[in-house]
Amino acid sequence: MTVQSPTTVPADEAPKRVGLWRLVRRYPTIAIGSTILVSIILVAIFAPFLGTVDPTAISTRMRTREPSAQFWFGTDMLGRDIYSRVLYGARVSLVVGFSVAILASVIGLTIGLIAGFIRKADAIIMRVMDGIMSIPSILLAIALMALTRGSVGNVILAITIAEIPRVSRLVRGVVLSLREQPYVDAAVAAGTSTPVIIVKHILPNTLAPIIVQATYICAAAMITEAILSFIGAGTPPIIPSWGNIMAEGRALWQVKFYIVLFPALFLSVTVLAVNLLGDGLRDALDPRLAKTI
Amino acid sequence: MFVYVVRRILATIPVMAVVALFVFSLLYIAPGDPAAVIAGDQATPEDVEKIRRSLGLDRPFVIRFGEWVWQIARFDLGTSIFTGLPVTQLIAQRLEPTLSLMVVTLIIAVSIAVPLGVLAAWKAGTIIDRTIMGFAVFGFSVPVFVVGYILAYVFALELDWLPVQGYTPISRGFWPWLENLILPSIALGMVYIALIARITRATMMEVLQQDYIRTARAKGLSQRTVLFLHALKNAAVPVITVIGIGVALLIGGAVVTESVFAIPGLGRLTVDAILRRDYPVIQGLVLLFSFIYVLVNLAVDLVYTLVDPRIRY
Amino acid sequence: MDRRTFIKAGAGAGLVAGTAGLAAPALSQGAAAKTLRFVPQANLANFDPIWGTQYVVRNAAALVWDTLYGVDETLTPQRQMVESEEVSSDGLTWTFKLRSGLKFHDGTPVLAKDCVASLIRWSARDPMGLMIKALQKELVAVDDRTFKWVLSAPYPKMLLALAKNNAPCSFIMPERIARTDPFQQITEYIGSGPMRFVRGDWVPGARAVFEKFADYVPRSEKASWLAGGKRMLVDRIEWVIMPDPATASAALQNGEVDWWENPIADLVPVLRRNRNIRVDIGDPLGNIGAFRLNHLHPPFNDVRARRAILAALDQEEFMRAIVGSDDSLWKPLPGFFTPGTPLYTEEGGDILKGPRNIELAKRLLAESGYKGEPVTMVVAQDQPVTKAQGDVAHQLLKRIGMNVDFVATDWGTTGQRRALKTPPAQGGWNIFFSWHAGADCTNPAGYTAIRANGDRAWFGWPDIPEVERQVTAWFDAKNLDEEKAAIRALNKAAVENVVFVPPGFFLTYTAWRSNVTGITKGPLPFFWDVAKA
């Protein structure tokens, strides 16, 4: 697990260097969100040292045991320890969430920049983006998953493709509005090369909305992964993920609700944390955006 | 206005073309074989091969794609490989449950979310506001199937107030129809409620600070009248936008909701078709969904002009 | 008798039988005008029982189409549409005579030519049908009610072939429909069975509806599985498709459906607590798991690698993963044939008994020359039985030191991939999972998976001449003792050479509301004699 937490961003990006406490007071959602998220990340990294056993060890003689001192969260239909599976499962959700957020942002940014700067490409790119956007992302992901075998990489790929249009539209919008700005006009008139304009004028202005958007994408990706795994088109069953654990427990939700409950709780809390963080970042980084949503 | 509408409608054609090509290519290169599923477990490889040939699945990409496009041009979506029924008929059979689910979801979501958003804006900064907004973030974060199962457990199994599953056509009475839709609509509507409540609050707060509202207040209109007459009307535009954006979300969510609540709608048809590789059905459905999405967004744009006279085309 | 009087006589007989048929349900008029709502094991996605051979299609088809013969609960063929048959002393000419008064749902009488056309289509697809077709010299209608089948060599299992319950069954369709290419789907669903298919109400994936066929003439004997009088005591049967077992369970508890074909074992305790619900074993012949190995490619082209798996295989682990904690639902299976049936044997199955021997497995694997190459295991995730087997097998293979490449896919992809003979690295496979209905595994007739005739065998393509020799011996057997001897030798050879790995024998429950009566145990849900109060 070498996922870089975006929680380090607000400290660097905050408008003024302020004391930690004041930051927490001013943006409580960032504080709450990042605290929860960091805890989950730590849990995921240190899962092997937190009293877990092999999360894939099957023992059908000990199946569907209720939560107890031996099995904190109980066992599933194959007698696997749910506590261990939930802890290890955090890795999948986090990796998927962050990878999709980063990949979709980077690719979306690139496509958005191209569309914003190259008039000829714009129409075609945007039609393609519209096309992808008009297919519900879950259906698109299911179809893409049917294409390949189930693997975490393919889940990431499928969700990323569905999320790219959101970022590229956002970036293109910013680029188009910035190009109308006098100082950009001036830079163009002065013969500044496009890459320089991008680095000097465009990127600083797109970064804030992209970071905010990326957190929402991260949250959405975690839910989509769970839904894909839930309907059996996601992470392969040999890797524990929250969606998988829920999918396997769904048939028994009436009698063994805890199988669904624990992963659902962890998933909900994690997504909640990411969303809170996104809300806070939006308030902090982009007050204009904060007003509209 | 008319020219604008025509232009917008024409602009949907390339989008639909992109979708069509994209989906067809995807399915073409996808592994999995409807013939193998049809033939069953006891069939020999030769049987499977013969069935594949009889379905025309052994022909090259260009020919199959060309045929399909030619069919669509004649408003024919083809025939399902499995059931032998026309895709249009399969879709028509499933349309009512899904549309009902979406309409009820929208009505429930809007009628819960807008008052909540207004209330939050009115009481901005108070504990009421915080609670509502906290609930909104929560609504975003809980997967639809979790909400679905919890609702079904409490209201159907434990309290026995509402049916657990299924769908009753509206032709068999309004209440039987609605009864089956309440739980799935709330489950599906969670995200929507959260989204609309947030945007209502945000725009209301903005509108409330504008001059003419202050003037209206100064004129002595009661607070409630101010809120509902002036502010809400102006807040309508972003709310409508969210409804437009949310359609794709709704279709995706319907896939899951329909399988949790056993509603025979388009969502389940899609999942079944993908799992069985019933290509004509998948293609027809994706085209339909894209078309609905494009259409709803077109409608949303047009409604803007009605709601907000400042927007002109 | 000339043709015209023959038809008249037939019509008259039909009329008499028809009124008798009408009188019978009058006894239970309270139960009439009832709709039985049934949750089947799977979606009825297509409805051609010859073209598509999934169990669910066969189960629905048994309502709509009738058969010439049907097996009863002892798996003995009994006459159904046939009134009498005659076989020549050399065993080469079979003459069948139909009962009079049989009608299709469109009102036309069932004629010999319909049977001929239906048998031609069936025999192109069915394993036993293909055997008969290979011997066939002539299959013709003699008159409206008589047809004959002339063979070049005797086929003693003729009646079993026409009566058997494994798909495809030899359902009789009108000639115009039966003329459809056996590899094309029929588009009209007209049979002569006790129920009519209501095509307009068919919503694939959600609902299939059957209505009582008023002109059906049941036999006078008591119904027993596919044999005897198929008397319908309900007017309408609605199949409600529910892919989610939790939903189906809730619906049954609330009385929204009347009968759930296959409740999962973990939900059965809940159902049992409900006083309005009855639960029992559905099919006493159960199912046999299938852990298929590809005999064409390393490592499983070496019998030692295949035997390594038998040595380490823990059937209890597999079975409990499939059926849950209810130990009455599974049996260890040191062989390949259905427990509790006449030919069942454990001959040669010692390697599957006793404590599991991981060390022996590792040694065998090493002797086979396996050195940690990846083993491609294709597991369909949308079928609970294949998914459970895959999960347990993954752990088993890891334990004996195999490097597993776990390919999680759906049933459709598995179906395609398992047909590829290329090496695993080029799109092929080493392992996949399935299961077989116990009713198909009572003898080699419908048991394609036990065959070991190399290229022509079922997926995995085992080539074991001894197994094939014993299959032939069984077909040629003249009495039960000879059959038993052949099956004992077959089982021994099949275990020794590991045609496939049997993870065990398992049963499933069926559950219904207590106001429903007359449900019988059997390899498919039988709706005749089922009443609803």
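Structure first, text after, so check above.
Residues numbered from 1 in each chain as written. Chains lettered and ligands numbered in written order. Predicted model: local features only at pLDDT ≥ 70, side-chain atom pairs only at ≥ 80, totals over all residues. Heavy atoms only, no water.

Visitor: I tried to follow the overall build of chain A on my own but got confused; where do I start?
Guide: What chain A contains, in helices and strands, is 12 helices and 0 strands. Its helices and strands in sequence order give chain A the pattern α-α-α-α-α-α-α-α-α-α-α-α, from N to C terminus. Within chain A, buried positions represent 59% of all 293 residues. Intrachain contacts of chain A at a sequence separation of at least 6 include 72% that bridge at least 24 residues. (Helix = DSSP H or I, 4+ residues; strand = E, 2+ residues; numbered from the N terminus. Buried < 20%, exposed > 50% of the residue type's maximum accessible area, 1.4 Å probe, protein only. Contact = heavy atoms within 4.5 Å.)

Visitor: I'm lost on the nonpolar core in this one. Help?
Guide: Most often, soluble globular proteins keep nonpolar side chains buried together rather than apart. Counting 346 residues, the largest nonpolar core has F47(C), L68(C), W149(C), F210(C) and F291(C) as its most contacted members. Per element, the largest residue contribution to this core is 19 residues, and it comes from helix α9 (residues 194-230) of chain A. A36(B), V48(B), I51(B) and F183(C) belong to the second largest nonpolar core, which has 6 residues in total. (Core = buried A, V, L, I, M, F, W, Y, C linked by side-chain atoms within 4.5 Å.)

Visitor: Explain the side chain of N59(C) here, please?
Guide: For N59(C), the location among the structural elements is in helix α2 (residues 55-64). In contact with N59(C), not counting residues within four places along its chain, are Q41(C), W239(C), E261(C), L524(C) and P525(C).

Visitor: Can you walk me through the interface of chain C and chain B in this structure?
Guide: By a widely used convention, the size of an interface equals the accessible area lost when the partners come together. Listed as interface residues are 45 residues of chain C and, on the opposing side, 42 residues of chain B. Both faces considered, chain C and chain B share a buried interface measuring about 3700 Å² in area, 49% of it formed by carbon and sulfur atoms. If you sort the residues of chain C by the area they bury against chain B, W51(C), F183(C) and Q416(C) come out on top, with a joint share of 15%. Where chain C touches chain B, the interface holds 0 salt bridges. At the junction of chain C with chain B, the criterion picks out 4 residue pairs in polar contact (both at pLDDT 80 or more). When contributions to the side of chain C that touches chain B are tallied by element, the ones reaching two or more residues are α7 (245-253), α13 (411-417) and β17 (431-437) of chain C. With 5 residues, the single largest contributor to the side of chain C that touches chain B is α13(C). (Buried area = accessible area lost by both parts, 1.4 Å probe. Salt bridge = Lys/Arg side-chain N within 4 Å of Asp/Glu carboxyl O. Polar contact = N/O pair within 3.5 Å; in protein donor to acceptor, adjacent residues only side chain to side chain.)

Visitor: When you look at the side chain of N491(C) in this model, what are you seeing that I'm missing?
Guide: Relative to the assigned elements, N491(C) resides in helix α15 (residues 480-497). Of note is the side chain of N491(C), whose polar atom sits 3.0 Å from the backbone oxygen of E347(C).

Visitor: In this structure, what is going on with unusual backbone geometry? I would like to understand it.
Guide: Residues and elements named next belong to chain C. Cis peptide bonds are those with omega within 30 degrees of zero, and the linkage from A167 to P168 qualifies with -5 degrees. Assignment of secondary structure puts P168 in the loop between α5 (158-163) and α6 (175-178). Phi is positive for L75, which is not a glycine, with a value near 65 degrees. Secondary-structure assignment places L75 in the loop between β2 (69-71) and β3 (77-79). According to the relative accessible area criterion, L75 is partly exposed, its value standing at 22%.

Visitor: Help me out: how do you make sense of the packing of aromatic side chains in this one?
Guide: Aromatic ring pairs are defined here through the distance separating the ring centres and the angle between the ring planes. The tally for this structure, following the rule as stated, stands at 42 aromatic pairs over all chains. Relative to F49(A), the ring of F46(A) lies with its centre 6.4 Å away and its plane at 50 degrees, an arrangement referred to as tilted. Residue classification places F46(A) among the partly exposed residues on the basis of a relative accessible area of 41%. Its relative accessible area of 66% is what places F49(A) among the exposed residues. Relative to W528(C), the ring of F526(C) lies with its centre 5.8 Å away and its plane at 40 degrees, an arrangement referred to as tilted. Among the aromatic side chains, those forming a connected cluster through ring pairs are F38(C), F47(C), W65(C), F171(C), Y189(C), F197(C), W202(C), F210(C), W239(C), W259(C) and F527(C). The lysine or arginine in question, K157(C), covers the ring of W474(C), its NZ or CZ lying 4.4 Å from the ring centre. Sitting above the plane of the W528(C) ring, K230(C) keeps its charged end 5.0 Å from the centroid. (Phe/Tyr/Trp six-rings, centres within 6.5 Å; stacked < 30°, edge-to-face > 60°. Lys NZ or Arg CZ within 6 Å of the ring centre and 35° of its normal.)

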